[in-house]
Amino acid sequence: MSTSSYIDELLTKMSNYDKDERYMATSDLCEELKRQTPTAISTTTPTQRNSHPQSHHPHTTNTKQTSLSIDSRTEKNICDAVLKLLGDPSNDVQTVAVRTLVVLFTSVHEEQILKITAMLGRLVLDPTKSDLRDVYTDGLRKLLKTVPLHMGDNVAMKLISELVDGIQKNSALVGLPSPPADKHQEKTAGDITVSCLEITTELLARFGGLPKITQKHESVVQVVLTQLSSESHMVRKRACNVLGCLSNVISDQLLYRLVESLLSRIELAEGVTRRSKRRKTRSVSSESTDMNVFMDSKPSDTRALIQTMCAISRMVGQRLGQVQIDRLVPIFLRFCDPSDAVSGNDADDADSEDMEDAEEDGSVDEAAMALANELRESCFTGFQSFVLRCPVEVRPHLPQIIHAALAYMRHDPNYSYDDENEDEADGDEDDINMDSDEEDYDDEDYDDDEDDDDDDSWKVRRSAVRTLIAVVQESKHDLSKVWIDEYSWKKNKKKKTTVAGALVNRFKEREENCRVDIINCFNRLLTNTVSGYAAGEVILSSPDAMDTSGDTSQVSIELGSKFVPAIVGACEKQLSAKKGGVPTKSAAFTLLSTLCTAPGGMGNANQVNSVLLHIKSTLNSSGGSGDGGQNSSKLLKLDALCLVRSIISCSHHDVVGLKNGLLKSLLPDICETVKEHWYKVIAEALRVLTEIPPLLLASNSSDDEMMTVARVLYDSVEPRLAAHDLDQEIKECALGTSASLLSTLHGKLNSDQVNQLLSLILQRLNNESTRIAAIKAISVIVVDTSDGSDKLDLSPILNETVSELASLLRQNSRGVKQSALQCLDVIVQSQQGAKSDSKLHELILQEVSGNIRDTDLHICHLSLRLSLAVMEASSTCGAAINEHLLPALLTLSNSPCLQDLALDSLLAVLGKAVQSDAVIFQDLLVKLQNKEHGDSRQVIANLAKCIAAVTVSADESNRGMVISNILQSLESAEQNVYSTQLALRVSGDVGRVVDLSKLTGVTDKLQQAYFSSFDSPSDGVKNAAAYGLGRASVGATTTFLPVILSALEESNQKTRYLLLAALRELINCHKIGASGETDITLIVQQILPQLTLHCADKEEGVRTVVAECLGSLACVASDEVLTQLQGLATKQSVEEAIDADEEKNILVRSTVATSVKFAIAGHCDTVKLLPYMTTFLQLMKEEDLTVRNAALLMVYSAVHHNPKLVIGLMEDHIMPSLIELAQNKMQRKIDLGPFKHVVDDFLPLRKAAISIFATCLEKCPRTINFASFMPILTKALGDVEDVQLQAHQIVTSMCSKFPTEIVGSLEGFIAPLQKTLNKRMGNKTGTELERAMEWVKSALRIIFVLSRVEGAMNLQMFADFVERTRKSPTHQIMLKELEEVM
């Protein structure tokens, strides 16, 4: 049967009298349409995937339409038949009809879509279709969600006017006085209004930003605003949703008017708090017009207005300005008056005024209280949005918001907590009393939950806690708000508390959801604090060990003495509660795990052992129905095991007490847990067992204890290691546990057990899936960490293991190769001195030589270190070295890529080869000297180091021969430039190790060669001579250094730079520890005057070398050099030391700043440098631009290499100058004849300032004031090309780390980005054109990244900009390239 005939048959059955027949026919038709219509392709941009879950911008989703493979007549018949079934008396038939319509929405032509839309719209508005209105509404909502985007304008326009008219007409009938007969009509009108509002919400969410719909925004706002005063709660709620969704797409002007309208009405609304009632009763200005309006307002109106404002702030809080925030927050606070927050305990503390109010008001009306709680919940939701989305604007109000949140976190008027009376006691303000006699809340505390089903105050507490979570998240770079600042949080109490203290005190919360949020809030706070401590922003101190560094920018927190006992005690209460929920216990375990990462851990041994007992109870739990069943029990066990591992790995706990508690109460339960069925629990239990052997060793356990534990661990891990049908994670963890057991406790196992584990590990090594884990396990085993009584015998598996690992060096997998090299290195080193098979060593050298290449220098370095280990372990591998290793070494020595660790390892291997007589020195020397080096300076330098390395390792006769050859080659007139460079460098590298002054006549000839080379026409020869002279001075300081200093006094401009370069080599060798036993502090006083003298040299290159010397010298002789630099940094000292004009003073100060920069980069002692930083930072305020630029580069070096140097000085000494310099311009025109060139003298300073900001965001973000920085970043996006590219990188970084700040500044980004995209290329060609295209591509990349930030596409202006950019034909090619990459 053809498709058309089959569909016609189904259409006939759809009109059958039997409802079952109609249902089956419609269902079959739906399935047939799905087969006929390919799956609709939903192209969702990255923006949509990452946008706010409640915001769907119209520009972000596009559903492509796919047509049915049927003729238009059949398509029309299908649509008519399905629409007819929407009025079917059977609900099942209606449901399947709507499901069929969903398939049609993405496949039929626009004409039919509009027809369906019109039909469904009329049915929704038809007052006679009340029974089926929900079906029609659901159909329209699905249509709006699935219809192709290109039909959006027409579909939306078909509906919007009818929906607005339907809301106006039907809402007028709701709430009017009417006879009982008309009540049905009123209910119908209310239902229609609700349906229209729901459909309008979907329409605006999908198509609200389309051009035709934007013309209707104002009329929609006006109509929906009137619904906020409706008598129907459902209407008010749906109207609130519409306005919240509409705020995503309306213009800034209309949004401003909407917010102003809402704020004005809220300001005139009647409050629902008790204080508001008292103010109303005592008011004497009853004649005021405003007050009359205030009194006539209904509480329901107030609630709807507040909820609407909260919805808008949640959606587009970043679009609200400072003025609106300043008006809105106090209004919200009026409905969240901390004085109205009460707990059951406050009944005994009520003051006389409250008692008077209670007598006047009588019992509190439950409806009024419910209204008040709902309003408060909405207000705190708004606060949460403000804090997260516009933190800068809300900052002035943050103390009041925190005060209110703390007060309402304990708002529980129907319940009394017995432990709150401790506040009456005197004591320190920050003390947190959690003693057991004051806090006997247990199972009975939670029993009353069942009796308070109508009590919704928990929702207020939950929203208040979530506001505090937002505060904690936003304060992660300024922890003083939550740890130090104090607030009143209890009614009529003078005692104050911090946010941290209040959170710990509220762990007793009786409502599960609130309790979990409170614990999680404190956990997040503690995590931020530990991160701040690691970054040096926080000091976790105790009363007897206060920090004396004087850095007032660091927050000092007494965590261990004041908070840890309270935290542990509160968590124990939750873990011991029989009726405590699984989420609470899980949160408590997580918090304790985080506490283990803080200094001091969980406190003393008693506290740790007490927690271990609770963990034991959890591990023994069978997971009955009372605590969530088996799944919940598994999750709790997993959390408990994670906590045990954190406790063991914490270095702050008493290892002896921890070991005793662990072995006494918990080890059998952990071993039993390994037999569980869930793989995650098994794996975590094995990880815990991995930590136990090192704990036994650290606690000096007895042999009996070690033997008992070793056998228990073996019985637990061996079955898991031997099994094959296990999860990969279990296999890897079993390998880790076995390695820990064998490495530490192998002496406590019998030989059969040891051999069994070793053989199983070898099997895992031969398995590809467990290979890397097995290699790591073998590495751990080889590094024997036992008490040294006996060494693990690896002979049963050694040969096979080494052979297998050596064969893995031929693998293409870099990870496998790297692991195998590291493991072999450990094995070879561990077997030194033991009888070993030389064939294994030869095999290793044969296989490793293939990896000694310059294509991967890290693998090359590891291969060379392994080769060195083999050469040190075996003296019989000469043949293998010459056959396999030496050719690879010679090839590598000639590589221009060779550097750093690979070069150092190569030199060590060559030296060892000569020392061990594995190679003949003369042959190796000739081969190195004959290597073709060409004119590459890097190759010449590397060959010189190689020749020097083998020369130093040779005997004295060979060493003398090489030095004689060098002198002859330097004296020969036939030497070419490159051979001369090689000889000069070799002499320096040899002289660094060997004291050449002990060789008769050598130093005089070398001095003559060095100084004569200074006059060479070749720059390479000059630099090589300076290098050789400086290096030779290390070994023969008393001979060469006086010559250098004397020459500096007499030098001309040509040789001054070279002499200083030689001095730099001398100082650098001492700085990196390559000077042997020579102490440079003995010669500092000789060097320093010459360096100071040349600080004001006219040549920039000379000053740079002087700065490098002073910087390196400051790293090894800080006191003398830093004092000298401090004197040079001031104008008075310069004038006294140097008789020169102001220009020279400027040069000196610039050199000082550069010297400090090099000192910081060279890791000068922070403690010694810090007192001088204030003086050096004054250079940022100099008038001369050169000095300021040098000072900026100094600050950049400090922020990048050692942020602790400047964190405490940022606010007062750095940021003011930085903000000024980042925005200044100084342009001047230079007349070049045919054209004029514009030069900006401030450009280098702006680039340096922007670089500092970028580094601060990465290293010390707490120092950034985003209110000042974001305008600078916006301006940088429109600066010259180089600054723009810097700004693009900053924006990219901030999108993931500081999305709130980015969204708040998006509007300012649009204009400069648009200008960059519209940049004309003109007549640019070649490299210039390519650079310009990369510039534009960078801007497009930024737009892509910004569009993915949560909430960015809620901004209509930016969303339109993104859409225009996507449609621009000019950028289509680059957009496609970026889409492929991103």
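Being a predicted model, the structure only gives us computed values, none of them experimental.

Parameters at a glance
Residues numbered from 1 in each chain as written. Predicted model: local features only at pLDDT ≥ 70, side-chain atom pairs only at ≥ 80, totals over all residues. Heavy atoms only, no water. Phe/Tyr/Trp six-rings, centres within 6.5 Å; stacked < 30°, edge-to-face > 60°. Buried < 20%, exposed > 50% of the residue type's maximum accessible area, 1.4 Å probe, protein only. Lys NZ or Arg CZ within 6 Å of the ring centre and 35° of its normal. Helix = DSSP H or I, 4+ residues; strand = E, 2+ residues; numbered from the N terminus. Contact = heavy atoms within 4.5 Å. Salt bridge = Lys/Arg side-chain N within 4 Å of Asp/Glu carboxyl O.

Asks: Just checking my understanding: could you explain the packing of aromatic side chains for this structure?
Replies: One pair of aromatic rings is described through two measures. These are the centre distance and the angle between the planes. One pass over the structure, following the stated rule, counts 14 aromatic pairs. The interplanar angle of 70 degrees and the centroid separation of 5.5 Å between the aromatic rings of Phe-1011 and Phe-1014 together place this pair among those described as edge-to-face. Look at Phe-1011 and you get partly exposed, because its relative accessible area is 23%. For Phe-1014, a relative accessible area of 4% gives the class buried. In textbook terms, an aromatic cluster arises when at least three aromatic residues are bridged by ring pairs, as seen for Phe-332, Phe-380, Phe-383, Phe-386 and Tyr-408. The lysine or arginine in question, Arg-985, covers the ring of Tyr-1027, its NZ or CZ lying 4.5 Å from the ring centre. Taking NZ or CZ as reference, Lys-1157 lies 4.7 Å from the ring centre of Phe-1158, over its face.

Asks: Quick question: what am I supposed to make of helix α41 (residues 838–848) here?
Replies: Because the α-helix completes a turn every 3.6 residues, residues three or four places apart line up on one side. Among the residues making up α41, those that are buried are Leu-840, His-841, Ile-844, Leu-845, Glu-847 and Val-848. Elements that come into contact with the buried residues of α41 comprise α39 (795–808), α40 (814–830), α42 (857–873) and α43 (878–893).

Asks: Help me understand the pattern of salt bridges in this model?
Replies: Should their charged atoms come close, side chains of opposite charge can pair. A full pass over the atoms with the stated rule returns 41 salt bridges. Residue Arg-466 pairs with Asp-517 through a salt bridge whose shortest N-O separation is 3.3 Å. Residue Arg-466 is found in helix α23 (residues 457–474), and its partner Asp-517 is found in helix α26 (residues 512–534); the two are separated by 51 residues along the sequence. Measuring nitrogen to oxygen at the nearest pair gives 2.6 Å for the salt bridge that ties Glu-729 to Arg-687. With a gap of 42 residues between them, Glu-729 in helix α36 (residues 728–745) and Arg-687 in helix α34 (residues 679–698) connect regions that are remote in the sequence.

Asks: Could you clarify how one ought to interpret the environment of Val-688 in this entry?
Replies: Checked against the element boundaries, Val-688 lands in helix α34. Taking the relative accessible area as the measure of exposure, Val-688 reaches 0% and is therefore buried. Between the C-alpha atom of Val-688 and that of Thr-737, which follows or precedes it by 49 residues, the distance is 8.5 Å. Those residues in contact with Val-688 that lie beyond four places of it in its chain are Leu-641, Val-644, Arg-645, Ile-648 and Ile-670.

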